Amino acid sequence: MMPRVKEVTAADGELLTQIAAIEAQVFTDAWSLASIRSSAESPATRIYAAVTETDRVAGYCIVTQVLDTADLENIAVAPEFRRQGIAARLLDAAFAGMDADIHLEVRASNAGAIALYRKYGFTECGIRRRYYENPREDAILMLKSRNEENK
Ligand SMILES: CC(C)(COP(=O)(O)OP(=O)(O)OC[C@H]1O[C@@H](n2cnc3c(N)ncnc32)[C@H](O)[C@@H]1OP(=O)(O)O)[C@@H](O)C(=O)NCCC(=O)NCCS
């Protein structure tokens, strides 16, 4: 069965622990459990998780919004759950009805994520040279404009 997407709060300690475990598995510059927990406590930040029937986290995303500008801070799906539409559903949950320009940065070599973002309506709007470490790499900046439908 398809995992359900739910918003995670600072009180969901077990879900936050699982998110940190996926984060550590997937990223070389992973956020710590402490920084994920402090994101969960921040009023500007929302965390969404795709959770299986057995309460396993299949994927998550972390989004910050200040006024009419949002940032996709992070998104990851555990390897065994990929290409089942989970990231797309996380983005839907995070941005449904959000009246904001959405920004993100992605490693230049991350073709899978860039394909996901393009499919979701993001376009490339800049480059930040040598932005990432481990390994050192450029960031591609992408934007989904809130007025896109009117263009
Ligand atoms: C990027 C990531 C989040 C995608 O998660 P996912 O649940 O597999 O994505 P979805 O199944 O929702 O994909 C939706 C669409 O995005 C595109 N896409 C996703 N992953 C892709 C890949 N590896 N290669 C090419 N296209 C891809 C496809 O168009 C896909 O639709 P399709 O499967 O019908 O072809 C996942 O691969 C991941 O966790 N990667 C490691 C972490 C990461 O790089 N995060 C982004 C940091 S900026």
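Residue numbering note: each chain is counted from 1, following its sequence as written. Reporting of local features is limited, given that this is a predicted model, to residues whose pLDDT is at least 70; pairs of side-chain atoms are given and counted only at 80 or more, and all residues count toward the totals for whole chains, interfaces and linings.

Asks: Got a sec to walk through the overall build of the chain? Specific residues and values, please.
Replies: Secondary structure assignment for the chain yields 4 helices and 7 strands. A run of DSSP states H or I qualifies as a helix once it reaches four residues; a run of E qualifies as a strand once it reaches two. Both are numbered from the N-terminal end. Starting at the N terminus, the α and β elements of the chain follow one another as β-α-α-β-β-β-α-β-α-β-β. Here the globule rule is a power law, 2.2 Å times the number of residues to the power 0.38, and the radius of gyration is based on C-alpha atoms. Against the compact-globule benchmark of 15 Å for 151 residues, the chain has a radius of gyration of 15 Å, which places it among compact chains. For the chain, the C-alpha atoms occupy an extent of roughly 40 × 35 × 30 Å along the three principal directions. Burial analysis of the chain (151 residues in total) assigns 30% to the buried set. In this scheme every C-beta is placed from the backbone, and a residue whose C-beta has 20 or more other C-beta atoms within 10 Å is buried, one with 12 or fewer is exposed, and one in between is partly exposed.

Asks: Before we move on, can you summarise the sheet that holds strand β6 (residues 123–132) with the specific residues and values?
Replies: We treat two strands as partners when DSSP finds at least two bridges between them. Across the sheet, which stays open at both edges, the 7 strands sit in the order β1-β2-β3-β4-β5-β7-β6 with mixed pairing between neighbours. Edge strands, defined here as strands with exactly one partner in the open sheet, are β1 (4–8) and β6. Each strand axis lies, on average, 25° off the axis of its neighbour in the sheet, ignoring direction. Across 5 bridges, β1 lies against strand β2 (residues 45–51) in antiparallel orientation. Across the sheet, K6 pairs through a bridge with A49, a residue of β2. C-beta atoms are first placed from the backbone for all residues, and any pair lying within 7 Å is then listed as a contact. To obtain an axis, a line is fitted to C-alpha atoms, over the contacting stretch when the element is a helix, and the angle between two such axes runs from 0 to 180 degrees between their N-to-C directions. Against the sheet, helix α3 (residues 86–95) makes contact with β1, β2, β3 (57–66), β4 (69–77) and β5 (101–107), and its axis sits at roughly 30° relative to β3, the strand it touches most.

Asks: Could you give an account of unusual backbone geometry, with specific residues and numbers?
Replies: In this structure, P135 follows N134 across a cis peptide bond, with omega equal to -5°. Topologically, P135 is positioned in the loop between β6 and β7 (137–144). Here the phi dihedral of D55 falls at roughly 65°; this positive angle occurs in a residue that is not glycine. For D55, a count of 9 C-beta atoms within 10 Å corresponds to the exposed category. Of note in this structure, R83 is not a glycine but carries a positive phi near 60°. Structurally, the position occupied by R83 is in the loop between β4 and α3.

Asks: Describe the site of the ligand, with residues and values.
Replies: Taken together, 19 residues lie around the ligand, and R82, A87, G112, A115 and L116 are the ones closest in. Of all the elements in the fold, those that place two or more residues in the shell around the ligand are β4, α3 and α4 (111–119). Top contributing element to the shell around the ligand by residue count: α4, with 5 residues. The residue inventory of the shell around the ligand, partitioned by class, reads 11 nonpolar, 5 polar and 3 charged. Residues are counted as near a molecule or strand when the C-beta atom, derived from backbone positions, lies within 6 Å of that molecule or strand. Residue polarity is assigned by list, with Asp, Glu, Lys and Arg as charged and Ala, Val, Leu, Ile, Met, Phe, Trp, Tyr, Cys and Pro as nonpolar; anything else, Gly included, falls into the polar class.

Asks: Any chance you could break down the nonpolar core for me, citing the residues and the numbers?
Replies: Connectivity within a nonpolar core runs through C-beta atoms within 7 Å, and the core itself is a set of buried Ala, Val, Leu, Ile, Met, Phe, Trp, Tyr and Cys residues. In terms of nonpolar packing, the biggest core is built from 38 residues, with I19, Y48, A49, V57, Y60, C61 and L90 touching the most fellow members. Setting aside residues no more than four positions away along its own chain, Y60 makes contact with I19, I22, I47, Y48, A49, A76 and L90.

Asks: Run through the environment of Y132, naming residues and quoting values.
Replies: Tracing the sequence through the fold places Y132 in strand β6. The residues touching Y132, leaving out its near neighbours within four places in the chain, are D29, R107, E137 and A139.

Asks: Any details on the pairing of β6? Residues and values, ideally.
Replies: Little of β6 is tucked away: 0 of the 10 residues are buried. Across 6 bridges, the pairing between β6 and β7 is antiparallel. Within the sheet, the bridge partner assigned to E124 lies in β7 and is M142. Between β6 and β7, which follow one another and run antiparallel, lie 4 residues, and N134 among them has a positive phi close to 55°.

These figures come from the coordinates and say nothing about function on their own.
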